[in-house]
Amino acid sequence: MKKILYLLLLLTSTLALGQEETYTELTFKCKDQIERPFILYTPKAMDSKVERPLLVYLHGAISNPNLKKDPLAYIKKSKLIELADQGEFYLMFCYGQKGATWFDAVGMDMVMGEIREVQEQFNVDQQKIFLSGFSDGASGALYFSMTHPAPFAGFIAMNGSLRVAQKLGAFGTYPANANHKPIYIINTTGDMLYPLNQIEPTVDYLKQFNDHIIFKTPEGNHEMAYLQTEQEGLLSFMAEHTNQVPTEFSWEMSSLSNNTINWISITQIDTSSSPKAWHTPYQLKVFNSKADFGLNYDYAYQGKGLKVKGFKNDTCTSKRMGIKVDDIVLLMEQDTMASPYSPYFYTAKKTAGDPTSLTILREGKEQLISGKFNEGYYYEIFNTPRRSAKIAAKIKGHQLIIHTSNVAEIKIDMNAVRAYDVREVVVNDEIYPSKLEGDQVIKVK
């Protein structure tokens, strides 16, 4: 009898804790007709009968032409597993590659499609979906915050760069598009790829358009060693924020393929008129003091050192020093080139304009070549030359008030607006008759 009672107690305890941890392997057929994997982790102590948050993770090195060889092994090594266990939330890993990145149409559609599939198959709290990432994945999270903010309760960007998002993105990056969605940004003090002195001005600029940015700068290189110390802050961030459609928001875009925010779409751009006074471009220059040889390496080469494949441009430091294609770099000053990461560790110790030297192997003979890194320079974070259209909308009392700039036509989902007890639609200070149902298309005057 005691044994039976013990077994019943054990069974009850197991049920109370929920299911065993699971890794559900799934695939998604992308716009390019390629099926790519994604994996959902369910913590063992989580009660899956109760709606739980979802954290979506975007990995780095997204320009790699190949998918990760073993997606399941990759996720099992992730330090985010412990975070999911502590927070009792679903953790989803997306897997992209060149041609399906976090910045192009195929990859972005893939991420959103995979989220929809998880929402349909698992007990996800629809109002607590968060997008995170590391390195290119963090840049991707920042990019989504300005191009697809609506589905998310918040964003977590770990060692990313908005400049990367701007350069690689198919759409423009407009900071106000985040519409004050919470963003938790972490950049380390010794990041060899994204120096903190270039990241800090960018984050300060973003704060002008977003009241809900948390910025942390733990010690470390381009790595997530800080995750343990940041765990409490990240869990609090997810616990405190819930997705809500704001009653006041704006949207700016230059492509009709990314024309919708909440329940308003810009369906035609006005290319003939000038922008309104409140529709101003984003301008931020940041000084690049980073030392860079400007070399591209041949990673198929298996010998000693790193083989030069090409140059980033015709005026880069290495070409100016006299380095040639097929040279093999053995040393950067006293640093041996033992891996593809060796150049990053060396240049992280240097600054633009510093003296330097390379020991190379050319036609079987070693040579020492000395010189100086190129001087630093200012660069633009935002570079959106195409004309953009913009709307600013708010619900005040029983009115939906919209102002537009460079917009010829908008479409409003009045069924969604009806929840706010709107009785009048006002566009550019003119009242438009409305049935307050269905889709209302308005030609903007």
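Residues numbered from 1 in each chain as written. Predicted model: local features only at pLDDT ≥ 70, side-chain atom pairs only at ≥ 80, totals over all residues. Heavy atoms only, no water.

Some words on the pairing of strand β3 (residues 52-58)
Burial analysis of β3 places six of its seven residues in the buried class, which makes it a mostly covered element. When β3 meets strand β5 (residues 124-134), the two strands line up parallel, connected through six bridges. Paired with L54 across the bridge in β5 is I129. Pairing of β3 with strand β4 (residues 90-94), which is carried by five bridges, proceeds in the parallel orientation. Directly across from L55, in β4, lies its bridge partner L91. (Buried < 20%, exposed > 50% of the residue type's maximum accessible area, 1.4 Å probe, protein only. Helix = DSSP H or I, 4+ residues; strand = E, 2+ residues; numbered from the N terminus. Pairing = 2+ DSSP bridges.)

With respect to unusual backbone geometry
At S135, a position not held by glycine, the phi torsion is positive, near 60 degrees. Given the relative accessible area of 8%, S135 is considered buried.

Quick notes on the packing of aromatic side chains
Tallying each qualifying case throughout the model produces 22 aromatic pairs. When the centroid spacing of 6.0 Å and the interplanar angle of 70 degrees are considered together, the rings of Y74 and Y95 count as edge-to-face. One end of the pair, Y74, is in helix α2 (residues 71-76); the other, Y95, is in the loop between β4 and α4 (105-121), and 21 residues separate them in sequence. Accessibility expressed as a relative area gives 27% for Y74, which makes it partly exposed. A relative accessible area of 1% means that Y95 is categorised as buried. (Phe/Tyr/Trp six-rings, centres within 6.5 Å; stacked < 30°, edge-to-face > 60°.)

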